[in-house]
Amino acid sequence: MLEGMPTPGANETLATRALTTFEEDETLFSQSVYEFADREIRPLVRSMDEQGSIPRSLIDKLFDHGVMGIEIPEAHGGAGASFFHAILGIEALARVDPSIAALVDVQNTLVINAVMRYGGDDLKERYLPRLGSSAVGAYALSEAGSGSDAFALSSHAVESPDGFILNGRKLWITNGNEADVFIVFASVNLDAGYRGITAFVVERDFPGFTVGKKEDKLGIRASSTCELLLEDCQVPRANVLGEIGKGYKVAIETLNEGRIGIGAQMIGLTQGALDHAIAYTKERRQFGKAVADFQGVQFQLAQAATELEAARLTVYNAARLRVAGEPFLKEAAMCKLYTSEVAERVTSLAVNLFGGYGFVKDYPVEKLYRDAKIGQIYEGTSNLQLQTIAKQILG
Ligand SMILES: Cc1cc2nc3c(=O)[nH]c(=O)nc-3n(C[C@H](O)[C@H](O)[C@H](O)COP(=O)(O)OP(=O)(O)OC[C@H]3O[C@@H](n4cnc5c(N)ncnc54)[C@H](O)[C@@H]3O)c2cc1C
């Protein structure tokens, strides 16, 4: 057996299924989300990008379509589907608008995932039905001074007779503008380092909680990115998520899974850019023929399609491993690293293939090029993914 090769027969389902072969319900789900995105989201993409916001009416439609609570069990009012469905949903949405994919990704792979995995019965009963039907969620770990070194956070929580009093500031929080429910990480003992970190479920109207400045960004402009202020914010004891002092585990495990969601966002937007590039080059004529008839252009498109295929396999592989309960840490890091590189390259090519029209906002590819950049930054920068991969291969 060669070093690094998967063990045959370790998991029958994994061993016998091609990564791109779906169950019927997975195919139907992916198609229905893409058709929804094409019909309901595509007409709004440009105005949402310009205005830097998502209309509440569209968020309501996302709830109605069942993409805001994909993994929530039916008993709690959700769709009762799998993590793989969530990945397919994010991919299908990102093909049309990576900003909407970001909103749905955080809702499913971070917030709902954390509540389902770490919440007791009480938290699940109180929050899962809301998260699946009307409440947007956000996940607040980063601070001004702690990004890659997330566990150096300085927000802190002090015990009070009713629960905890939180103070601090969170930065870069996706969905901050729309969210009703926030998973907030703060330390109960700053001297204990990562061992003090605790996760809390905080509601927008809890006393002492305010959503601050919204960032003006390069890409995924419709997705809100906000500062959160915790000023003697009162959180009931029942809203501690997981164990006190074990919030670092909540963060590590949900972010490992969240990275596969970012991979799905990246392959969706890459597919979107390639779709546009293929359609445009078949139509645009120069030197008396379609631009797509030039072999130089054909080879560029073929290269892009090949890289996208390889990127997609890293996403599906990591997601299938996660669903099967197999280790996937290295594969998720590789997936985020590689898909975000491919997204940058292919969206850049799409801009090139549109010529001057690629550089203006009347055509969709300049936006996808801007949107692609975030894949190398959030949920762990590319350097941090390389660090994870290096640790895994070096032992
Ligand atoms: C649009 C957007 C949405 C976001 N959404 C959320 C959210 O919902 N919730 C949340 O908690 N956070 C969120 N973030 C924060 C995001 O996760 C951080 O920005 C990211 O982890 C990087 O942290 P930083 O910005 O502090 O950069 P830094 O950590 O300061 O990194 C700066 C540079 O140094 C490099 N670097 C740092 N450490 C090392 C090292 N050890 N080895 C090699 N290179 C290193 C990095 O790769 C990077 O190139 C979001 C950010 C953005 C921009």
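See the structure above.
This is a predicted model, so every value here is computed, not measured. (Residues numbered from 1 in each chain as written. Predicted model: local features only at pLDDT ≥ 70, side-chain atom pairs only at ≥ 80, totals over all residues. Heavy atoms only, no water.)

S.K.: So, helix H4 (residues 56–64): which residues are in play, and what are the values?
M.R.: Considered for burial, the residues of H4 that qualify are Leu-58, Ile-59, Leu-62 and Phe-63. Along the axis of H4, the buried residues cluster in a sector spanning 150°; they form a single face. (Buried < 20%, exposed > 50% of the residue type's maximum accessible area, 1.4 Å probe, protein only. Helix = DSSP H or I, 4+ residues; strand = E, 2+ residues; numbered from the N terminus. Arc of directions from axis to C-beta.)

S.K.: Before we move on, can you summarise the site of the ligand with the specific residues and values?
M.R.: Residues in close proximity to the ligand total 18 residues, the closest being Ser-142, Ser-148, Trp-172, Thr-174 and Thr-381. A distance of 2.7 Å separates a nitrogen atom of the ligand from a polar atom in the backbone of Trp-172. Thr-174 is positioned such that a nitrogen or oxygen atom in its side chain is 2.7 Å from a nitrogen atom of the ligand. With the chains in place, 65% of the 980 Å² that the ligand exposes on its own is no longer accessible. Listing elements by their share of the shell around the ligand, those giving two or more residues are strand S3 (163–174) and helix H12 (382–394). Here the residues of the shell around the ligand sort into eight nonpolar, eight polar and two charged. (Near = heavy atom within 4 Å. Polar contact = N/O pair within 3.5 Å; in protein donor to acceptor, adjacent residues only side chain to side chain. Areas by Shrake-Rupley, 256 points an atom, 1.4 Å probe, with all protein chains shown as cover. Nonpolar A, V, L, I, M, F, W, Y, C, P; charged D, E, K, R; others polar.)

S.K.: So what about a nonpolar patch on the surface? Which residues, and what values?
M.R.: Taken together, Tyr-357, Phe-359 and Val-360 make up a surface patch of nonpolar side chains, about 330 Å² in accessible area. Following the sequence through the fold, Tyr-357 ends up in the loop between helix H10 (329–353) and helix H11 (365–372). (Patch = residues over 30% accessible without salt bridge, like charges linked within 9 Å, V, L, I, M, F, W, Y side chains within 5 Å. Salt bridge = Lys/Arg side-chain N within 4 Å of Asp/Glu carboxyl O.)

S.K.: Now, about helix H5 (residues 83–96): what can you tell me, with residues and values included?
M.R.: Helix length check: H5 (14 residues) gives 21 Å between terminal C-alpha atoms against 20 Å at 1.5 Å per residue, within 8%. Burial within H5 is extensive, with 13 of its 14 residues counted as buried. The distance from a side-chain oxygen at the start of H5 to the backbone nitrogen of Phe-84 is 3.2 Å, and the residue carrying that oxygen is Ser-82. (Expected span 1.5 Å × (residues − 1).)

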